[in-house]
Number of protein chains: 2
Amino acid sequence: MSDRTRPTLATVAARAEVAPSTASLVFSGSERVAPATRDRVLAAAAELGYAGPDPVARSLRSRRSGVVGAVIGERLTYAFSDPVAVQLLDGVTEVLSPLGVGLLLLPGDADRHGPTLAQLAHVPLDAVVYATCGPEDDPALEHLRRREVPIVAVDGPGGDDVVLVGVPDRRGTAELTRHLADLGHRRVAVVALPLRLDGTRGPVTAERRARVHFRDVRERALGVEDVLGPVPLWETATNAVEEGARAGRVLLDVSAADRPTAVVAQSDILAAGVLRAAESLGLRVPEDVSVAGFDGVDLPWLPPVRLTTVVQPTTEKGRVVGRAVTELLAGRRPADAVLDVHLSVGTTTGPAPRA
Amino acid sequence: MSDRTRPTLATVAARAEVAPSTASLVFSGSERVAPATRDRVLAAAAELGYAGPDPVARSLRSRRSGVVGAVIGERLTYAFSDPVAVQLLDGVTEVLSPLGVGLLLLPGDADRHGPTLAQLAHVPLDAVVYATCGPEDDPALEHLRRREVPIVAVDGPGGDDVVLVGVPDRRGTAELTRHLADLGHRRVAVVALPLRLDGTRGPVTAERRARVHFRDVRERALGVEDVLGPVPLWETATNAVEEGARAGRVLLDVSAADRPTAVVAQSDILAAGVLRAAESLGLRVPEDVSVAGFDGVDLPWLPPVRLTTVVQPTTEKGRVVGRAVTELLAGRRPADAVLDVHLSVGTTTGPAPRA
DNA sequence: TTGAAAGCGTTACCAG
DNA sequence: CTGGTAACGCTTTCAA
């Protein structure tokens, strides 16, 4: 090993006695290179221990870095304890990885909902995916717009230059609620996902509800009310089992006269918490109270119960996002996409108990 | 908006009537710029809608891309259903994010243990973290070496040019095993994490054991044997609750004469599965069988049981990795680090039942 | 099929 | 404190 400095394409070209441009052609896999020349270049590269064209220099010329940002609102720990977020990103990488495009994590921290500008500004980005939160009033958005970085948002509120991928949250929840109504339920409470990421928890006032930050949360609440009219909302601080349990313990307080006969949680994770609360309060499900969720994720520790829920094709949603990114990278403007959901009736909903 | 083309630093400099190098100084936050000049440049930038220096061009010059790769062996869904992996990466980002460095996910897919070269080769990388698997015989390794990308490996086998961060897996497991031995346990079975990522599951033969791919798996097995001598190992296909349950159902088969009185699982996730299996087999824990894990992760759905386990400081491990990366980026060569673990005795281990 | 030359947008270095 | 100039390592015309 006598090399003083890391070899570059020029070094390789010189050693192979071809022009740099020809060597470049070889590494870009072009057909228009004589096999003999190609072999010579490859041999030179091997001898020099050349690792291939520097991605950064390549990016500068080709205006493509192979990096797509993933905005995941919160700390990794929170975002990735949400199976929906993970499945979604899994779908995205499934499509993007084979193209040599990687996902760059852009988490926020305890206080912030998104990445700081300092984080964004220094990092190459061919596109950005808002994976778990809409880009609504995100200061980073303006920066990305300036840089002309295309954006795909999941369940977000969108905007003209943002490609949207979502599901019919409202219709799905309405369908679920109709199922409950058909079973005789009239007093239904909703355990809501965070309306904003500020740690608030408790009953939702009209003012707070007017300032809901996330489209899907709003829509899922409306879906219930489409069927039953106004219902009480209980907001959780994060999408976590323990948060659902806290909510459940309050809502299902056995001493309350107007205890709901059914609880609609806005995620399966929260629903799992409500189930736990019911259990700890000595309530039978579904005899004393029905519980339903949203997402249709696999909670391996939930059985023997099967949760009634609205199933959304989360991984497929991720793939659709991945394809949208692919289109964007190719300079095309894909249409927004709305995937479908369906009701899955499990063992956690049943006839409303007689008053 | 009359701009035909995205503004560059040169455009901004021209408009502010300064040299490009001066404008560059402004954006790099240098002190050696007259406030008046700075304001003029900033004003010009604002007027032109300049988003700041192009990260790619900047990277080319400064030889730093702000991107650190995270190799996570498997599909996102598998890797991120492991709380240990998530906490670890959380710790890493906690240190790296404030530095404007982002984590690029480098998952494998169903068959592969690591990213393909096509994925790696096109992407800028200041460093790489092997987060959930050692770089042992990884073909990507040679590529990274050529590119002179520094590597930090967690619990990995290492190599001269790889910085290692780990915990005393062997000693920790030995301590746990001594606790069991003190309780009178002699017939102990181990539910092992995957020895290699090839979907194998079942009793571990000597040949297979000789080819174990992951250092921590080997060490944790040895820790048990340090105390009790050779014990049967049951390999799982992935680190998942259901896998632990499958293993548990076989190992705890009530009809077997030599049913173990204690099961040591190599992760808390697997231990949770074993607990489930015990329950479904009608065995009481710890009266009929003791169960222990490794990691000390918070499984919010596990209570009321408290798992006996070896607690490792996973998030701190991530921070240490982050700091090691920081050092490496600064051109220094940090020392390997071994963090500490401790035994946490819960309610799942007790005296061995009388034969 | 190959080569020459011109940048891509920035920062580093050295003068002034 | 500011300006000029030369890279950084590659790809992309355009010619030959």
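Rules used in this analysis
- Residues numbered from 1 in each chain as written.
- Chains lettered and ligands numbered in written order.
- Predicted model: local features only at pLDDT ≥ 70, side-chain atom pairs only at ≥ 80, totals over all residues.
- Heavy atoms only, no water.
- Helix = DSSP H or I, 4+ residues; strand = E, 2+ residues; numbered from the N terminus.
- Areas by Shrake-Rupley, 256 points an atom, 1.4 Å probe, with all protein chains shown as cover.
- Lys, Arg positive; Asp, Glu negative; His and termini not counted.
- Charge placed at Lys NZ, Arg CZ, Asp CG, Glu CD.
- Near = heavy atom within 4 Å.
- Polar contact = N/O pair within 3.5 Å; in protein donor to acceptor, adjacent residues only side chain to side chain.
- Nonpolar A, V, L, I, M, F, W, Y, C, P; charged D, E, K, R; others polar.
- UniProt positions renumbered as here; feature names shortened; annotations may be inferred.
- Least-squares fit on C-alpha atoms with pLDDT ≥ 70 in both.
- Contact = heavy atoms within 4.5 Å.
- Buried < 20%, exposed > 50% of the residue type's maximum accessible area, 1.4 Å probe, protein only.
- Domains from an automatic or database assignment.
- Salt bridge = Lys/Arg side-chain N within 4 Å of Asp/Glu carboxyl O.
- Pairing = 2+ DSSP bridges.

Novice: So what exactly am I meant to see when it comes to the overall build of chain A here?
Specialist: A tally of helices and strands in chain A yields 14 helices and 13 strands. When the backbone C-alpha atoms are referred to their principal axes, chain A occupies close to 90 × 40 × 35 Å. When the accessible surface of chain A is split by element, carbon and sulfur atoms take 52% of a total near 15200 Å². In chain A, 40 positive and 45 negative side-chain charges are present, and the distance between their average locations comes to 2 Å.

Novice: Would you explain the protein's contact with DNA strand C in this entry?
Specialist: Of all residues adjacent to DNA strand C, which total 23 residues, the nearest are A:T37, A:R61, B:L9, B:S24 and B:Y50. Per the 4 Å cut-off to the protein, sugar and phosphate atoms form 60% of the nearby atoms of DNA strand C. Contacts to DNA strand C include B:S24, whose side-chain N or O atom sits 2.5 Å from a phosphate oxygen. Between DNA strand C and B:Y50, the relevant distance is 2.4 Å, taken from a phosphate oxygen to a side-chain nitrogen or oxygen of the residue. Taken together, the elements giving at least two residues each to the surface near DNA strand C come down to α2 (20–27) and α4 (55–62) of chain A together with α2 (20–27) and α4 (55–62) of chain B. Element by element, the count of residues in the surface near DNA strand C is highest for α4(B), at 4 residues. Considering only residue class, the surface near DNA strand C consists of 10 nonpolar, 7 polar and 6 charged.

Novice: Sorry if this is basic, but what is going on with the protein's contact with DNA strand D here?
Specialist: Taken together, 23 residues sit near DNA strand D, with A:L9, A:S24, A:Y50, B:A34 and B:T37 positioned nearest. Backbone sugar and phosphate groups make up 65% of those atoms of DNA strand D lying within 4 Å of the protein. Between DNA strand D and the protein, one listed contact pairs a phosphate oxygen with a side-chain N or O atom of A:S24 at 2.6 Å. Between B:T37 and DNA strand D, the recorded distance is 2.3 Å, taken from a side-chain N or O atom to a phosphate oxygen. It is α4(A) that contributes the most residues to the surface near DNA strand D, 4 residues altogether. Class assignment of the residues belonging to the surface near DNA strand D gives a composition of 10 nonpolar, 6 polar and 7 charged.

Novice: Hey, could you run me through the UniProt feature "domain: HTH lacI-type" (unreviewed entry) in chain A in this one?
Specialist: With numbering aligned to this structure, UniProt lists the feature "domain: HTH lacI-type" (unreviewed entry) at residues 7–62 of chain A. A distance of 21 Å separates the end C-alpha atoms of residues 7–62 of chain A, which is 68% helix and 0% strand.

Novice: I tried to follow the relation of the copies chain B and chain A on my own but got confused; where do I start?
Specialist: Between the two copies of this chain, the relationship is a rotation about some axis together with a displacement along it. Overlaying chain B on chain A yields an RMSD of 0.1 Å, the required transformation being a rotation through 180 degrees with an accompanying axial translation of 0.0 Å. Taken together, the rotation and translation describe the operation of a two-fold axis. The C-alpha atom lying nearest the rotation axis in chain B is that of B:L104; the distance is 2.1 Å. Comparing contact sets, 98% of the residues at the interface of chain B also lie at the interface in chain A, consistent with an isologous, same-surface contact.

Novice: What am I meant to see in unusual backbone geometry here?
Specialist: With the exception of glycine, most residues fall at negative phi, and the peptide bonds are largely trans. Residues and elements named next belong to chain A. At the junction of V285 and P286, the peptide bond is cis and its omega measures out at 10 degrees in the coordinates. Residue position: P286 is located in the loop between α13 (268–280) and β10 (290–295). At R63, a residue that is not glycine, the phi angle is positive and equals roughly 55 degrees. Topologically, R63 is positioned in the loop between α4 and β1 (67–71). Taking relative accessible area as the criterion, R63 reaches 47% and is therefore assigned partly exposed. Phi angles above zero are rare outside glycine, and D295 is one such case at about 130 degrees. Relative to the helices and strands, D295 resides in strand β10.

Novice: It is not clear to me how the domain arrangement of chain A should be interpreted in this structure. Could you clarify?
Specialist: Its domain assignment divides chain A into domain 1 (9–53), domain 2 (67–167 + 314–338) and domain 3 (169–312). On a C-alpha basis, the centroid separation for the pair domain 1 of chain A and domain 3 of chain A is 62 Å.

Novice: Honestly, the interface of chain B and chain A in this entry has me stumped. Any pointers?
Specialist: Interfaces are often sized by the amount of accessible area the parts lose when they come together. Counting residues at the interface gives 46 residues for chain B, matched by 45 residues for chain A. Where chain B packs against chain A, one counts 8 salt bridges. With a shortest N-O distance of 3.9 Å, A:R6 and B:E148 are connected by a salt bridge. For the pair chain B and chain A, the interface holds 14 residue pairs in polar contact (both at pLDDT 80 or more). Counting only elements with at least two residues in the side of chain B that touches chain A, the list comes to α4, α5 (76–79), α6 (83–96), β2 (102–106), α7 (117–121) and α8 (139–147) of chain B. Among the elements that take part in the side of chain B that touches chain A, α4(B) stands out by supplying 6 residues, more than any other. Along the lines of polarity and charge, the residues of the side of chain B that touches chain A split into 23 nonpolar, 12 polar and 11 charged. Note: strand β2 (residues 102–106) of chain A against β2(B), 3 bridges, orientation antiparallel. Paired with A:L103 across the bridge in β2(B) is B:L105.

Novice: Help me understand the side chain of A:R220, please; the structure alone is not making it clear to me.
Specialist: All names here are of chain A. On the secondary structure map, R220 appears in helix α11 (residues 215–228). A relative accessible area of 5% means that R220 is categorised as buried. Here R220 is in contact with D169, T173, L193, Q266, F294, D295 and Q312, once residues within four sequence places are set aside.

Novice: How should I be thinking about the sheet that holds strand β6 (residues 188–192) of chain B in this particular structure?
Specialist: Remark on secondary structure: sheet strands pair via backbone hydrogen bonds, oriented parallel or antiparallel. One open sheet holds the 7 strands; their spatial order is β7-β8-β6-β9-β10-β11-β13 (chain B), and the pairing between them is mixed. The outermost strands of the open sheet, each flanked by one partner alone, are β7 (202–203) and β13 (342–344) of chain B.

Novice: Explain the pattern of salt bridges here, please?
Specialist: Between side chains of opposite charge, pairing is possible as soon as their charged atoms come close. Evaluated as defined, the whole model comprises 50 salt bridges over all chains. Put simply, A:D336 and A:R333 hold a salt bridge, and the shortest N to O gap is 3.8 Å. Connected through shared salt-bridge partners, A:R75, B:D90, B:E94, B:E316, B:R319 and B:R323 make up one network.

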